[in-house]
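An overview of the molecular structure
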Amino acid sequence: TMLDWKEYGRDYADEMIATAKVFAEALDAAGVPVFAKAWGFTQSHQFAIEAAKYGGGQAASKHLRRAGFLACGIGLPIDPVQDDLNGLRIGTPELVRWGVTRDNVAEVAELVVRALNADDPTALAPTVAALRANYDTVRFVRQ
């Protein structure tokens, strides 16, 4: 609600941005081509992966979905990917609302890397679900 935003909006926004940056840095350190690395990866609640090596952004999002992650393709100002979008958008709003922060997002990033590189990402779905179960309280809302 608007009261939630009035009371927690600045803290929520700050955590989404910080978590997105740490998430992007962790993926980059693992060899995932994160867009805008030269500009600090992001100044927002989201960032993008250059998705050509994963078959395109929509293909990568479907691959991640089989592991239990939600993401979407996005167009980036880089070389196109035939028959797909060239980027994969990762957002942090819901992660942060459920308790993922800059201090623990590296664990999520590690699973995303594993899922992106897995031949069968469905094998990771139980591990992703177990991690998700640790985050069971909505934050940045009035109680």
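Residues numbered from 1 in each chain as written. Predicted model: local features only at pLDDT ≥ 70, side-chain atom pairs only at ≥ 80, totals over all residues. Heavy atoms only, no water.

Considering only enclosed or pocket space, the largest pocket measures out at about 610 Å³ in volume. By residue number, the principal contributor to the lining of the largest pocket is helix α5 (residues 125–133), which donates 5 residues. Of the residues in the lining of the largest pocket, the class split is 19 nonpolar, 4 polar and 3 charged. Along its surface, the second largest pocket is lined by 13 residues, and F35, F41, Q46, F47 and A48 are the ones closest to its centre. Counting residues per element, the lining of the second largest pocket draws most heavily on strand β1 (residues 46–50), which supplies 3 residues. Classifying every residue of the lining of the second largest pocket by side-chain character gives 8 nonpolar, 4 polar and 1 charged. (1 Å grid on protein atoms, 1.4 Å probe; cavity = no way out; pocket = protein on both sides within 12 Å on 5 of 7 lines; lining within 4 Å. Points joined across faces, edges and corners; volume = space filled by probe spheres on them. Helix = DSSP H or I, 4+ residues; strand = E, 2+ residues; numbered from the N terminus. Nonpolar A, V, L, I, M, F, W, Y, C, P; charged D, E, K, R; others polar.)

Taken in spatial order, the 3 strands line up as β1-β3-β2 in an open sheet, and their pairing is antiparallel. Strands with a single pairing partner mark the edges of an open sheet, and in this sheet they are β1 and β2 (72–74). The average angle at which neighbouring strand axes cross in this sheet is 40 degrees, direction not considered. The strands touched by helix α1 (residues 2–29) are β1 and β3 (87–91); relative to β1, the strand with the most contacts, the crossing angle is about 20 degrees. (Pairing = 2+ DSSP bridges. Axes fitted to C-alpha atoms, helices over the stretch in contact; angles between N-to-C directions. Contact = heavy atoms within 4.5 Å.)

For the pair α1 and helix α4 (residues 105–117), the least separation of the axes is 9 Å and the interaxial angle reads 45 degrees. Taken together, the axes of α1 and α4 are oblique relative to one another. As α1 packs across α4, the resulting crossing turns out to be right-handed. Between α1 and α4, the residues in contact are T19, V22, F23, A26 and L27 and V105, V108, A109, V112 and V113, respectively. Per-class residue counts for the contact of α1 with α4 are 9 nonpolar, 1 polar and no charged. (Parallel < 35°, antiparallel > 145°, perpendicular 65-115°, else oblique. Left-handed = near helix turned anticlockwise from the far one by under 90°.)

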